[in-house]
Amino acid sequence: MFYSTLAHFKGTTGYEINDVWYPRVTAIASIKAKPFLYKFYADLGSFSAAESIKNKSADEGTLIHEAIEALLAGKPVAVPHSIQPAINAFNEFKKNNEIVPLKVEERVVSKNHWYAGTVDVIGNLNGRLGVLDIKTSNSIYRDYNLQTAAYIEALKENNIFPNTRWILRIDQVKQCVNCGARLREKGGNVKVRGGIPDCNHQWGPVVGEIELKELDSFENDIKAFLACHTLWQWEHEKWIKQIKNGVVK
């Protein structure tokens, strides 16, 4: 990404906390190659079309994300009709699992490693203390390991010791009543997965789906994240030198 000024770089990639600027966890993790994203751009054949779909999809995902965080925080929330199936699925998940949120949208800082991030949920899930990261993607990608490991490391530095970390993936799809294929429409992009290719699909109503995955291999993941941090600093050396030298423009 092109950064026009130091202020642009800082505002896009980090947080100012107690007069100290920290790079953002998600910005650092973004240095890793994302072959699935590259294929998405290539398949559409147009950068502007891919960007439009990606941004609209992110906005739709944010609606789900914010509604769930409000529900977990015990705040009133008006759920848009467009995401009601996903929220229904989450409410069903809550009925079958004991979720006790201690912190929602909690900013965490690592002074040892110089980064900051925002954790979706720190709390107890079925009696175990952990970090719960909410995603609205089509799948659970390994990249999420980097982000959640960084959160755990920062929390440990601040004397909070979660036992584990989970990805809670929430999405909504239509399913073919004939062959079981799944149709996902997000950001104006329609994808059909599974089922029988030559089926005369008959799509059912939009339904929410939930997937919970516990992540292991923390030590490997935090090493990988810190390696990304080193590479990210190398990539943005020009701006980081200015920050460390106290340049403010």
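First, a word on scope: everything that follows refers to the structure included in this document. Bear in mind the structure is a predicted one, so any value in this text is a computation, not a measurement. What you see as residue numbers is a count from 1 along each chain, following the sequence as written. Side-chain atom pairs in this predicted model are given and counted only at pLDDT of 80 or more, local residue features only at pLDDT of at least 70, and totals for whole chains, interfaces and linings cover all residues. For the side-chain quantities, the full set of heavy atoms in the structure was used; hydrogens and water were omitted.

### Topic: the nonpolar core
Formally: Nonpolar cores are built from buried Ala, Val, Leu, Ile, Met, Phe, Trp, Tyr and Cys residues. Side-chain atoms within 4.5 Å join them into one set. Only protein chains enter the calculation, and the probe is 1.4 Å; a residue is then buried if its accessible area is under 20% of its type maximum, exposed if over 50%, and partly exposed in between. Secondary structure elements follow DSSP: runs of H or I no shorter than four residues count as helices, runs of E no shorter than two count as strands, and numbering proceeds from the N terminus.
Ranked by internal contacts, the top residues of the largest apolar core, which has 34 residues, are Phe9, Tyr115, Phe225 and Trp232. In terms of residue count, the dominant contributor to this core is helix 6 (residues 143–157) (7 residues). Among the nonpolar cores identified, the runner-up in size contains 17 residues, and Phe93, Leu132, Ile134 and Trp166 belong to it.

### Here's the deal with the packing of aromatic side chains
Stated precisely, the cut-off is as follows: Aromatic rings from Phe, Tyr and Trp, taking only the six-membered ring of Trp, are treated as a pair when their centres fall within 6.5 Å; an angle between ring planes under 30 degrees marks them as stacked, one over 60 as edge-to-face, and anything in between as tilted.
One pass over the structure, following the stated rule, counts 7 aromatic pairs. Taking the centre distance of 5.0 Å and the plane angle of 75° together, the rings of tyrosine 115 and phenylalanine 225 count as edge-to-face. On the criterion of sequence distance, the pair formed by tyrosine 115 in strand 4 (residues 115–125) and phenylalanine 225 in helix 7 (residues 218–235) is long-range, its members being 110 residues apart. Like phenylalanine 225, tyrosine 115 is buried.

### Structural notes on the packing of helix 6 against helix 7
Basically, it comes down to this: Note on geometry: axes are lines fitted to C-alpha atoms, helical ones only across the stretch in contact, with angles between N-to-C directions running from 0 to 180 degrees. Relative orientations are named as follows: roughly parallel for angles under 35 degrees, roughly antiparallel for angles over 145 degrees, roughly perpendicular for angles from 65 to 115 degrees, and oblique for any other angle. Note on definitions: a residue-residue contact is assigned when non-hydrogen atoms from the two residues lie within 4.5 Å. Nonpolar residues are Ala, Val, Leu, Ile, Met, Phe, Trp, Tyr, Cys and Pro. Charged residues are Asp, Glu, Lys and Arg, and all others, Gly as well, are polar.
Contact pair helix 6 / helix 7: the axes reach a minimum separation of 8 Å and the direction vectors enclose 95°. With respect to helix 7, the element helix 6 is oriented roughly perpendicular. In this structure, helix 6 contributes Asn145, Leu146, Ala149, Ala150, Ile152, Glu153 and Lys156 to the contact, and helix 7 contributes Phe218, Asp221, Ile222, Ala224, Phe225 and Cys228. Taken together, the residues that form the contact of helix 6 with helix 7 break down as 9 nonpolar, 1 polar and 3 charged.

### What about a nonpolar patch on the surface?
Here is the rule: Residues qualify for a patch when their relative accessible area is over 30% and they have no salt bridge, like charges being joined within 9 Å and the nonpolar side chains of Val, Leu, Ile, Met, Phe, Trp and Tyr within 5 Å. Values of accessible area rely on a 1.4 Å probe in the Shrake-Rupley scheme; residue burial ignores everything except the protein chains shown. Between Lys or Arg on one side and Asp or Glu on the other, a salt bridge is scored when a side-chain nitrogen of the former is within 4 Å of a carboxyl oxygen of the latter.
A cluster of nonpolar residues, Val190, Val192 and Trp203, forms a patch on the protein surface that exposes about 240 Å² of accessible area. Tracing the backbone through its elements, the reader meets valine 192 in strand 8 (residues 189–193).

### Points about the pattern of salt bridges
Enumeration according to the criterion identifies 12 salt bridges in this entry. The salt bridge partner of aspartate 171 is arginine 169, with a shortest N-O separation of 3.8 Å. Using a relative accessible area of 3% as the deciding quantity, one classes aspartate 171 as buried. Where glutamate 211 meets arginine 169, a salt bridge forms, and the shortest distance between an N and an O atom there is 2.9 Å. In this pair, glutamate 211 is assigned in strand 9 (residues 207–215) and arginine 169 in strand 6 (residues 164–175), connecting sequence segments 42 residues apart. The exposure class of glutamate 211 is partly exposed, given its relative accessible area of 31%.

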